[in-house]
Amino acid sequence: MTEVEPLAFKRILLTIDADDPSANEAALRYAVTQAKTFHAELGICSVLEGDDINIYDSLTPKKLDEKRAALNQVIDHYVTMAEDFGVSDVTAIASEGGDIDDEILDTIIPNFKPDLLVCGADKDGEHHFYSISVKLAKKAKISVIVVR
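My aim in this report is to walk through the structure given alongside it, one point at a time. No experiment lies behind these values; they were computed from the predicted model shown.

**Section: unusual backbone geometry**
And step 1. With a phi close to 55°, H39 is a non-glycine residue in the positive phi region.
And step 2. Looking at the element boundaries, H39 is found in the loop between α1 (21-38) and β2 (41-49).
And step 3. One non-glycine residue, K113, lies in the positive phi region at around 60°.
And step 4. Among the secondary structure elements, K113 is positioned in the loop between α4 (100-112) and β4 (116-120).

**Side note on the pairing of β4**
And step 1. Most of β4 is tucked away, with 5 of its 5 residues classed as buried.
And step 2. Along β4, one buried face is formed by L116, V118 and G120 and the opposite face, lined by L117 and C119, is buried too.
And step 3. Inspection of the sheet shows β4 paired to strand β5 (residues 143-147) by 5 bridges, in the parallel sense. Along β5, the bridge assignment pairs G120 with V147.

**So, the sheet that holds β5**
And step 1. Spatially, β3-β2-β1-β4-β5 is the arrangement adopted by the 5 strands of the open sheet, whose pairing is parallel. Each edge of the sheet is formed by a strand with only one pairing partner; in this case those strands are β3 (90-97) and β5. On average, each strand axis in the sheet is tilted by 25° relative to the strand beside it, whichever way the strands run.
And step 2. Across the sheet, helix α3 (residues 61-85) touches β2 and β3, and the angle it forms with β3 is around 155°.
And step 3. Along the sheet, α4 contacts β1 (11-15), β2, β3 and β4; its crossing angle with β2, the most-contacted strand, is approximately 145°.

Conventions used here
- Residues numbered from 1 in each chain as written.
- Predicted model: local features only at pLDDT ≥ 70, side-chain atom pairs only at ≥ 80, totals over all residues.
- Heavy atoms only, no water.
- Helix = DSSP H or I, 4+ residues; strand = E, 2+ residues; numbered from the N terminus.
- Buried < 20%, exposed > 50% of the residue type's maximum accessible area, 1.4 Å probe, protein only.
- Pairing = 2+ DSSP bridges.
- Axes fitted to C-alpha atoms, helices over the stretch in contact; angles between N-to-C directions.
- Contact = heavy atoms within 4.5 Å.

Next comes the structure, spelled out in structure tokens:
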């Protein structure tokens with residue numbers, strides 16, 4: 001009989017949706033518990049959605065800077081919560097792109113190199129036909145946990 005080896009993740013990436021704090025909270029609770037328990041590095045990321053930038057904002061550097069600053073403030077809030085929980089190695093990751101899932105899959109994951117991706121479940125009605133967490137679960141080449 002084969003002995004079962006424990007599965008411990010060493011690099012965890014938590015995705016944050018700036019528009020869905022309830023999903024973020026559940027996912028954060030899971031991610032920080034795993035990171036603290038297994039002494040794993042925790043990356044907390046969010047993507048400035050291309051759809052959130054209208055044509056006028058895209059032509060106004062000040063507006064873009066304000067949107068970037070707001071996104072970084074949200075990420076920093078979750079980083080602080082993770083550190084307050086006792087996670088010692090936390091990295092904030094902000095990115096910009098068209099499709100959130102593509103940005104996470106094609107840019108953030110290859111750069112951070114996590115072995116676990118933690119997402120909050122999309123709130124009811126949001127992204128109804130194209131749930132980002134479902135796309136990430138289907139396409140990611142690493143383990144994915146969607147927390148409700």
